[in-house]
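Descriptive structure summary
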Amino acid sequence: MDKLLRVQGLEKTFYKNKIPFKAVDGISFDVKPGECLGIVGESGCGKSTTAKIITHLVAPDAGSVLLNGAETLSWKGKKERELYRHIQMVFQTPRESFDPRRTLGDGIMEGMRSQGVGRAKARERMYELLDQVELERTFAGRYPHEASGGQCQRAAIARALAPGPQLVICDEATSALDVTVQGQIMRLLKKMQSQQGLALLLISHDLALVQNYCDRMLVMYQGRVVEEGIPDQVIRHPQEAYTQMLVDAVL
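Residues numbered from 1 in each chain as written. Predicted model: local features only at pLDDT ≥ 70, side-chain atom pairs only at ≥ 80, totals over all residues. Heavy atoms only, no water.

Now for the overall build of the chain. When helices and strands are counted, the chain shows 9 helices and 10 strands. In terms of overall dimensions, the chain is globule-like: its C-alpha atoms have a radius of gyration of 18 Å, near the 18 Å expected for 251 residues. Here the C-alpha coordinates of the chain stretch approximately 55 × 45 × 40 Å along the principal axes. A buried classification covers 48% of the 251 residues belonging to the chain. At a minimum sequence separation of 6, the contacts of the chain that also span at least 24 residues come to 66%. Counting only carbon and sulfur atoms, one obtains 48% of the accessible surface of the chain, whose full area is about 12,200 Å². Taken as two groups, the 32 positive and 30 negative side-chain charges of the chain have centres that lie 6 Å from each other. (Helix = DSSP H or I, 4+ residues; strand = E, 2+ residues; numbered from the N terminus. Rg over C-alpha atoms; globule rule 2.2 N^0.38 Å. Buried < 20%, exposed > 50% of the residue type's maximum accessible area, 1.4 Å probe, protein only. Contact = heavy atoms within 4.5 Å. Areas by Shrake-Rupley, 256 points an atom, 1.4 Å probe, with all protein chains shown as cover. Lys, Arg positive; Asp, Glu negative; His and termini not counted. Charge placed at Lys NZ, Arg CZ, Asp CG, Glu CD.)

Moving on: the sheet that holds strand β5 (residues 70–71). The strands that make up a sheet pair up through hydrogen bonds in the backbone, lying either parallel or antiparallel. Across the sheet, 4 strands lie side by side as β2-β1-β4-β5; this open sheet has antiparallel pairing. Looking along the sheet, the strands with just one partner apiece sit at the ends: β2 (19–31) and β5. Taken strand by strand, helix α1 (residues 47–54) contacts β1 (5–16), β2 and β4 (62–67), and its axis lies near 115 degrees from that of β1. (Pairing = 2+ DSSP bridges. Axes fitted to C-alpha atoms, helices over the stretch in contact; angles between N-to-C directions.)

Our focus in this paragraph is helix α5 (residues 149–161). An ideal rise of 1.5 Å per residue puts 18 Å on 13 residues; α5 measures up with 18 Å between its terminal C-alpha atoms. Taken across its 13 residues, α5 has 11 buried, putting it largely inside the fold. Listed in full, the buried residues belonging to α5 are G150, C152, Q153, R154, A155, A156, I157, A158, R159, A160 and L161. Structurally, α5 contributes buried residues whose contacts are with β6 (87–90), α3 (104–114), α4 (119–132) and α6 (179–196). (Expected span 1.5 Å × (residues − 1).)

When we look at a pair of aromatic rings, we describe it by the centre distance and by the angle of the planes. Within this structure, the stated rule accounts for 1 aromatic pair. Taking NZ or CZ as reference, K79 lies 4.2 Å from the ring centre of W75, over its face. For the cation-ring pair, R159 lies above F98, with the distance from its terminal atom to the ring centre recorded as 4.0 Å. (Phe/Tyr/Trp six-rings, centres within 6.5 Å; stacked < 30°, edge-to-face > 60°. Lys NZ or Arg CZ within 6 Å of the ring centre and 35° of its normal.)

Reading across the sheet, the 6 strands line up as β6-β7-β8-β3-β9-β10 and stay open at both edges, with mixed pairing between neighbours. Among the strands making up the open sheet, the edge pair consists of β6 and β10 (224–229). Between one strand axis and the next, the sheet turns by 20 degrees as a mean value, whatever way the strands run. Pairing of strand β3 (residues 36–40) with strand β9 (residues 216–221), which is carried by 4 bridges, proceeds in the parallel orientation. For L37, the partnering residue across the bridge sits in β9 and is R216. Along the sheet face, α1 touches β3, β6, β7 (167–171), β8 (199–204) and β9 and points at about 145 degrees away from the line of β8. Set on the sheet, helix α2 (residues 78–86) makes contact with β6 and β7; between it and β6 the angle comes to about 65 degrees.

Another aspect to go through is the nonpolar core. Judged by nonpolar contacts, the single largest core of 50 residues is most densely connected at V90, I108, M112, I157 and M217. The biggest single contributor to this core is α5, with 7 residues. Not counting residues up to four positions away in its chain, the partners in contact with V90 are Q153, A156, I157, A160, V168, I169, C170, D171 and A173. Within the second largest apolar cluster, 30 residues are counted, among which are L37, L167, I169 and M220. (Core = buried A, V, L, I, M, F, W, Y, C linked by side-chain atoms within 4.5 Å.)

Residue placement: R159 occurs in helix α5. As a buried residue without a salt bridge, R159 has its nearest oppositely charged side chain in E110, at a separation of 5.9 Å. (Salt bridge = Lys/Arg side-chain N within 4 Å of Asp/Glu carboxyl O.)

Contact pair α3 / α5: the axes reach a minimum separation of 8 Å and the direction vectors enclose 25 degrees. Classified by the interaxial angle, the pair formed by α3 and α5 is roughly parallel. For α3 against α5, the interelement crossing comes out right-handed. Residue-level inspection shows L104, G107 and I108 of α3 in contact with α5, the latter providing C152, A155, A158 and R159. (Parallel < 35°, antiparallel > 145°, perpendicular 65-115°, else oblique. Left-handed = near helix turned anticlockwise from the far one by under 90°.)

See the structure below:
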């Protein structure tokens, strides 16, 4: 299978004060097994809505999402739980992505437990994952407010890796962290990608991040993909005025 994920003709309209706003306007793209695809664009361009459609957090108005050739948008119940074995998401605000009343260890184990994994086995796997994301095992007993943003994001990555997914979607996963920690988290993600053969979908407004870590990139504007290609080529030789504007804004 040369396409792990295939997104075709996605559309989503929201309404604010009864006025329609087309957040996603017929976009299509593929993610290959083991690659890192970046999606860039300003806030409100539809990047996060696209990710939420793929992960069933938002229902689209039209289009299809195929995983390993199978349409997933109609999956419910047991089939939807199967989706989360294959696709996981890491969010922008790591601390807020955990239940403040539960420990980080419980948060990492939650998905495994919901998939029917026994508590002892889930706990063993949780400790293995903490080792992989380079957190001391004592973090299993900490609550989100007792860890830094970078530490919480490492725990969130451990939680995402727990079911052994084929694709991890990172929705601005480093934007709430300082520059040094951003680099640490991205190196960790790339290490996990290399070791486990993961595909990464990196959603960001940071062109330098995408240029440094992604194999391909898409540029989104007003819900549409306006340019795509190898990051170095797109950033150094943009073909669209909007892409040029993004590049000029960081120079």
